[in-house]
Amino acid sequence: MTETITGTTTADGGAPAAHAAAGTKKRILSGAKPTADSLHLGNYIGAVRNWVDMQAEYDAVFFIPDLHAVTVDFDPAELAHRTRVVAAQYIAAGIDPDKSIFFVQSHVPEHAQLAWALNCITGFGEASRMTQFKDKTQKTGSDSATLGLFAYPTLMAADILLYQTDLVPVGEDQRQHLELTRNLAQRFNTRFGETFTVPEATILKANAKIYDLQNPNAKMSKTGESPNGAIQLLEDPKIAAKRIKSAVTDAGTEIRFDATEKPGVSNLLTIYSSLTGTPVPELEAAYEGKMYGHLKVDLAEVMVDFITPLRNRTNELMADPAELDRLLAQGAGRAREIASGTLAGVYERMGFLPSGNLPGVR
Ligand code: TRP
């Protein structure tokens, strides 16, 4: 959905010279870490749904950055489960593994290989200025942070540059990482010859933000204070309906969109509009003279209709791990076709000797 993304944030555009994609469609790439078993409604409306819509217009690459997930504390069994169940949810939500390239990052070794090359053209000071790293280590102290966390942004740059990506749809919090990626692409191209497309960020518009149902001044998140604040895509639809019905509303009775005066009702209107495609002003007109309770009952029904098939499809995929593995292996295969070509160019330009055709060695 093009209206959900703002214009590009960078004026000078990229150098399309190195673009290897077939056809005229621009390539987009994005990923989100598998940090919970169930995606929540904020993830879906804020990101996944945009990706699903963009598949028609773009040559799309989506992946699960499991290598990034181990840069902070993690549990191996939990990581394995989450990677699967998040993959299943993306497919259930409409990421089409035949239309798009959809894979798990660790299945494509070129990501780690290119990250190393990029590490060696990234300044220590430059990496030290990344605000996400600073924020994350401020709490714990840099001694307990890993080298992996420090290198998070260069691995992310590798994710993007391997595929000659034109556009990267991400949230505002990733803007600085995108700037680094652009700088590294330009630096490499200047020093070693045209190799990478310089990507642009398309920052997902803030109006797609979904807030906590119990505290509508905070973003819906997996770490909200009350479990009733978030809708989990994999939960019992009846519970989801209950959470909508018990959402905090505001003083007064009028159903109108006003994010400052009526954050609770406005959030419900945003959710309603996002899931049905009905514009907010039309909803306001339809609910004129009605009470908050009417809106909640209707939205609860919309929620059940939305969650039920998504949950069923996810459970189906989880019940057939061989099929899920096949889809992910197919995605990794298609990803490697592109990634290995880019990496070969990088290695050659950096002066690494060709490895010949030794089995298992590239
Ligand atoms: N850092 C991103 C996030 O936290 C996830 C990510 C990793 C990503 N690699 C990427 C996003 C490449 C876009 C492109 O959301």
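Enquirer: What's the story with the overall build of the protein chain in this structure? I'm lost.
Expert: In terms of regular secondary structure, the protein chain is built from 14 helices and five strands. In summary, the protein chain has a C-alpha radius of gyration of 22 Å against a globular reference of 21 Å for 362 residues, a match within 12%. With the C-alpha coordinates aligned to their principal axes, the bounding extent of the protein chain is approximately 75 × 45 × 45 Å. Taking all 362 residues of the protein chain together, the buried fraction comes to 49%. By sequence separation, contacts in the protein chain at least 24 residues apart represent 77% of the contacts at least 6 residues apart. Total accessible area computed for the protein chain in this model is approximately 16,900 Å², and 54% of it derives from carbon and sulfur atoms. Put simply, the protein chain has 35 plus and 43 minus side-chain charges, and the middle of one group is 2 Å from the middle of the other.

Enquirer: Where do I start with the site of the ligand in this structure?
Expert: Around the ligand sit 14 residues, and of these Gly31, Tyr152, Met156, Asp159 and Gln174 come closest. Measuring from a nitrogen atom of the ligand, one finds a side-chain N or O atom of tyrosine 152 at 2.7 Å. Between a nitrogen atom of the ligand and a side-chain N or O atom of glutamine 174, the distance comes to 3.1 Å. In the complex, 90% of the free accessible area of the ligand, which totals 360 Å², lies under the protein chains. At the level of elements, β1 (27-31), α8 (152-161) and β4 (167-170) are the ones that each hand at least two residues to the shell around the ligand. Element by element, the count of residues in the shell around the ligand is highest for α8, at four residues. Looking at the shell around the ligand residue by residue, the class counts come to eight nonpolar, four polar and two charged.

Enquirer: In this structure, what is going on with the side chain of threonine 83? I would like to understand it.
Expert: Within the fold, threonine 83 resides in helix α3 (residues 76-93). In this structure threonine 83 comes out as buried when scored by relative accessible area, which is 9%. Those residues in contact with threonine 83, other than ones at most four positions away along the chain, are Pro34, Ile64, Asp66 and Val104.

Enquirer: Where do I start with the nonpolar core in this structure?
Expert: Buried together is how nonpolar side chains tend to be arranged in soluble globular proteins. Leu41, Tyr90, Phe102, Ile231 and Met303 are the most contacted members of the largest nonpolar core, which totals 56 residues. Looking at this core element by element, the count peaks at ten residues for helix α13 (residues 292-319). Contact partners of tyrosine 90, with chain neighbours within four places excluded, come to Ala32, Leu39, Val48, Trp51, Ile64, Ile95 and Phe102. In this structure, Leu155, Ala185, Val198 and Ile338 belong to the second largest nonpolar core, which totals 43 residues.

Enquirer: Looking at this structure, I do not really get the pattern of salt bridges. What am I missing?
Expert: One pass over the structure, following the stated rule, counts 13 salt bridges. Among the ionic pairs, glutamate 126 bridges to arginine 187, the shortest N-O distance being 2.6 Å. Taken together, the positions of glutamate 126 in helix α5 (residues 124-128) and arginine 187 in helix α9 (residues 175-192) put the pair 61 residues apart, joining distant regions of the chain. Residue aspartate 258 pairs with arginine 256 through a salt bridge whose shortest N-O separation is 3.0 Å. For arginine 256, a relative accessible area of 29% gives the class partly exposed. Overlapping salt bridges bring together Asp37, Glu78 and Arg82 as one network.

Enquirer: Which parts of the structure should I look at to understand the packing of aromatic side chains?
Expert: Two aromatic rings, taken as a pair, are described by how far apart their centres are and by the angle between their planes. Under the counting rule described, the total for this entry stands at twelve aromatic pairs. Here the aromatic rings of tryptophan 51 and tyrosine 90 are separated by 5.5 Å at their centres, their planes lie at 50°, and the arrangement is tilted. Of this pair, tryptophan 51 sits in helix α1 (residues 41-57) while tyrosine 90 sits in helix α3, and the two are 39 residues apart along the sequence. Between the aromatic rings of phenylalanine 188 and phenylalanine 192, the centroid separation amounts to 4.6 Å while the plane-to-plane angle is 40°, which identifies the pairing as tilted.

Basis of the calculations
Residues numbered from 1 in each chain as written. Predicted model: local features only at pLDDT ≥ 70, side-chain atom pairs only at ≥ 80, totals over all residues. Heavy atoms only, no water. Helix = DSSP H or I, 4+ residues; strand = E, 2+ residues; numbered from the N terminus. Rg over C-alpha atoms; globule rule 2.2 N^0.38 Å. Buried < 20%, exposed > 50% of the residue type's maximum accessible area, 1.4 Å probe, protein only. Contact = heavy atoms within 4.5 Å. Areas by Shrake-Rupley, 256 points an atom, 1.4 Å probe, with all protein chains shown as cover. Lys, Arg positive; Asp, Glu negative; His and termini not counted. Charge placed at Lys NZ, Arg CZ, Asp CG, Glu CD. Near = heavy atom within 4 Å. Polar contact = N/O pair within 3.5 Å; in protein donor to acceptor, adjacent residues only side chain to side chain. Nonpolar A, V, L, I, M, F, W, Y, C, P; charged D, E, K, R; others polar. Core = buried A, V, L, I, M, F, W, Y, C linked by side-chain atoms within 4.5 Å. Salt bridge = Lys/Arg side-chain N within 4 Å of Asp/Glu carboxyl O. Phe/Tyr/Trp six-rings, centres within 6.5 Å; stacked < 30°, edge-to-face > 60°.

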